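Architecture at a glance
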Amino acid sequence: MKKLFIFLLCLLIILGVTACGADDTVTSSSSENNSDISSEEDVETSSEISSKDNKSSSSKKTTTSNQKVTSTNKKPSDSSKTTTSSSKKYPVRQKNIFIRKSNKKYFKCIGRGDAAEVTSGITLNWSCASVEFDVDCTGDLAVNFSKSSSETLLYVEIYVDGKLLEERTKISASGDFTIATDLEPGVHRVKIVRQTDCEGPTLTLNKILAYGTLVQKAPEDRPLYIEAVGDSNLICWGIRLEDSFYTDFYSGTDEEKKAKQSKARNKENQDGTLSYAYVAAEKLNADSYIFARQGAGIAATYHKNSKGEAIPRSGLLPTMYEYCHTSGNNKYTTSRLPDIIVLDAGAADLVTGCLAAVKDGDKLGIDVDRANEIAVEFLKNLKKNNPKVKIIWCYGLTNNSKAMEDYVLKGAKNAGGEANGIYTLKLATSTRNGYPSAKEHLAASELLANKIKQITK
């Protein structure tokens, strides 16, 4: 009996250990195949823990920079539901998900970045250019930017799961930026939109730092794609200044007027996301960005060399349109052509002293008739390269002169008019003695949105 008792006791102990071992087994499944991304991540972050345990470790912050974005949830953007998976395992340490040629297809990019042969990073060069992506992660989330110059201000909007973190996020230097903390386990969508125009520094997104992985599918395109082309009306110089600032905008000494102009042009007072073209696109749930530069024109420009000759690459839209940026030799190519081009240009073409252009190295005096011919050529080339595009030439927001109206109407008509998909839209003229206000841009956005609805039925 004693031997039998000992045998049964040993058997019970063995069965108990086996049961405990079964309870401690953790299973994990994921619908995402991350083999394509693992080679781009930090090799020191392979150890994993369950999502429940990882939440407590998410208090670790990125230590490479003290820059941080806090959530104020001021306005919504693309909504993105967070999905959770309680059984999924997440990394113990933040992974460095570098942006390489192999995983760029998992990012949705709007606007003109670098040429296709550029293998790393995603560059936002133009006002309202954006990048959007999904990350399956938990805890803290950060991104790494490089900025070509630390001397010039640069602002962006950053959304996480459709919520705007700050009305304006200032990128003062290159480095890591924490954009979210204590995220619930699941898929989170990030969208970054440049507010500053192309004359600011270039901004490149280099990597994501996450307790998780990049989702191997880019966010879907919106049904409509709008490209806005033009000058300072679209990049919204001085839009964040009060109306009272413009009461005597053009009065005073030369030094006083220069100081006022400088303040209006300061990046702190500029915001392309308030542009009527961008706001109209948001109303229509369209993808959009702004290809515009202050002083740029179709036949003439403020951007001239020391001899007073126009610099086509820097200020003439027909030439600028062929390239990724205002400098460099990277030609612009894209697999997604715009459905709508909003053109707001021509002021520089009609301003005294700007009527000069360069052709074959010779300076030419450009009268209004010749400027109109160049405008017609530009419109026809836009249609030639993208036959299905509808072009809306807007005017009147800052220049309601008869000369401007004649220039626009004649140009559109001679390029084929509405029968060729080329339309015109007169906007209400700003009452500010300077650059239009956000309220005036909002009113213009209603007119534009209605026009786009009308021609895309």
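Now for a description of the structure that goes with this document. Owing to the predicted nature of the structure, the values given are computational and were not obtained by experimental measurement.

**Some details on the packing of helix H6 (residues 276-283) against helix H12 (residues 438-455)**
Between H6 and H12, the least distance of the axes is 8 Å, while the angle of their chain directions is 55°. Classified by the angle between their axes, H6 and H12 sit oblique to one another. Read as a crossing pair, H6 and H12 show a hand that is right-handed. Mapping the contact onto sequence places Tyr-276, Ala-277, Val-279, Ala-280 and Lys-283 in H6 and His-441, Leu-442, Ala-444, Ser-445, Glu-446, Leu-448 and Ala-449 in H12. Class assignment of the residues belonging to the contact of H6 with H12 gives a composition of eight nonpolar, two polar and two charged.

**Notes on helix H10 (residues 368-385)**
In this model, H10 (18 residues) spans 26 Å end to end at C-alpha, consistent with the 26 Å of a helix rising 1.5 Å per residue. Of the residues making up H10, those classed as buried are Ala-371, Asn-372, Ile-374, Ala-375, Val-376, Phe-378, Leu-379, Leu-382 and Lys-383. In the core, the buried residues of H10 are packed alongside helix H8 (317-320), strand E14 (340-344), strand E17 (390-395), helix H11 (402-414) and strand E18 (422-426).

**Concerning unusual backbone geometry**
Here Asp-161, not a glycine, exhibits a phi torsion of approximately 55°, which is positive. For Asp-161, the position within the fold is in the loop between strand E7 (155-160) and strand E8 (163-164). For Asp-161, a relative accessible area of 16% corresponds to the buried category. Phi angles above zero are rare outside glycine, and Asn-285 is one such case at about 55°. Relative to the helices and strands, Asn-285 is located in the loop between H6 and strand E13 (286-292). We classify Asn-285 as partly exposed; its relative accessible area is 41%.

**Some points on the pattern of salt bridges**
One pass over the structure, following the stated rule, counts 22 salt bridges. In this structure, Lys-402 and Asp-406 form a salt bridge, with 2.8 Å as the shortest nitrogen-oxygen distance. One end of the pair is Lys-402 and the other is Asp-406, both in helix H11 and four residues apart, which spans about a single turn. Each of the salt bridges in this network shares a partner with another, and the network as a whole consists of Lys-108, Glu-132, Asp-221, Arg-222, Glu-282, Asp-287 and Arg-336.

**Concerning the state of the cysteines**
Using the criterion set out here, one finds zero disulfides in the structure. With no disulfide of its own, Cys-128 lies closest to Cys-236 among cysteine sulfurs, the gap being 7.9 Å.

**Section: H11**
With 13 residues, H11 ought to run about 18 Å at 1.5 Å a step, and its terminal C-alpha atoms sit 18 Å apart, in line with that. Along H11, the residues that are buried comprise Met-404, Tyr-407, Val-408, Gly-411 and Ala-412. For H11, the arc enclosing every buried residue in end-on projection is 115°, short of the 170-degree limit, so these residues lie on one face. For H11, the exposed residues set more than 90 degrees away from the buried face come down to Lys-402 and Lys-413. Count one or two residues on from H11 and you reach Gly-416, which has phi positive near 120°.

Here is what the cut-offs are and how they apply
- Residues numbered from 1 in each chain as written.
- Predicted model: local features only at pLDDT ≥ 70, side-chain atom pairs only at ≥ 80, totals over all residues.
- Heavy atoms only, no water.
- Axes fitted to C-alpha atoms, helices over the stretch in contact; angles between N-to-C directions.
- Helix = DSSP H or I, 4+ residues; strand = E, 2+ residues; numbered from the N terminus.
- Parallel < 35°, antiparallel > 145°, perpendicular 65-115°, else oblique.
- Left-handed = near helix turned anticlockwise from the far one by under 90°.
- Contact = heavy atoms within 4.5 Å.
- Nonpolar A, V, L, I, M, F, W, Y, C, P; charged D, E, K, R; others polar.
- Expected span 1.5 Å × (residues − 1).
- Buried < 20%, exposed > 50% of the residue type's maximum accessible area, 1.4 Å probe, protein only.
- Salt bridge = Lys/Arg side-chain N within 4 Å of Asp/Glu carboxyl O.
- Disulfide = S-S within 2.5 Å.
- Arc of directions from axis to C-beta.

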